[in-house]
Amino acid sequence: MKIIVNDTNIFIDFHSIGLLEEMCNLPYEIHTVDFVVAEIVEET
């Protein structure tokens, strides 16, 4: 099953409640566009 997320807020919400990593570990393919990824990537 593929899940396509087109809204950055979905990722931000999961991140803010500490569940982004768990969401990404689900047995689904998660797809989004580059600019969404660029908005949520934390620089170290």
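Residues numbered from 1 in each chain as written. Predicted model: local features only at pLDDT ≥ 70, side-chain atom pairs only at ≥ 80, totals over all residues. Heavy atoms only, no water.

Re the nonpolar core
Listed in full, the 5 residues of the largest apolar core are Val 5, Phe 11, Leu 20, Met 23 and Val 36. Setting aside anything within four residues of it in sequence, one finds Val 5 in contact with Ile 10, Phe 11, Ile 30, His 31 and Thr 32. (Core = buried A, V, L, I, M, F, W, Y, C linked by side-chain atoms within 4.5 Å. Buried < 20%, exposed > 50% of the residue type's maximum accessible area, 1.4 Å probe, protein only. Contact = heavy atoms within 4.5 Å.)

As for the environment of Asn 6
Looking at the element boundaries, Asn 6 is found in the loop between strand S1 (2-4) and helix H1 (8-16). The spatial distance from the C-alpha of Asn 6 to the C-alpha of Val 36 is 7.5 Å, given a sequence separation of 30 residues. (Helix = DSSP H or I, 4+ residues; strand = E, 2+ residues; numbered from the N terminus.)

Notes on H1
Measuring from the side-chain oxygen of the N-cap residue of H1 to the backbone nitrogen of Asn 9 gives 3.0 Å; that N-cap residue is Asp 7. Gly 18 sits one or two residues past H1 and shows a positive phi near 75°. (Polar contact = N/O pair within 3.5 Å; in protein donor to acceptor, adjacent residues only side chain to side chain.)

So, the side chain of Thr 8
With respect to the secondary-structure elements, Thr 8 resides in helix H1. Once residues within four sequence positions are removed from consideration, Thr 8 is found in contact with Val 36, Glu 39 and Ile 40.

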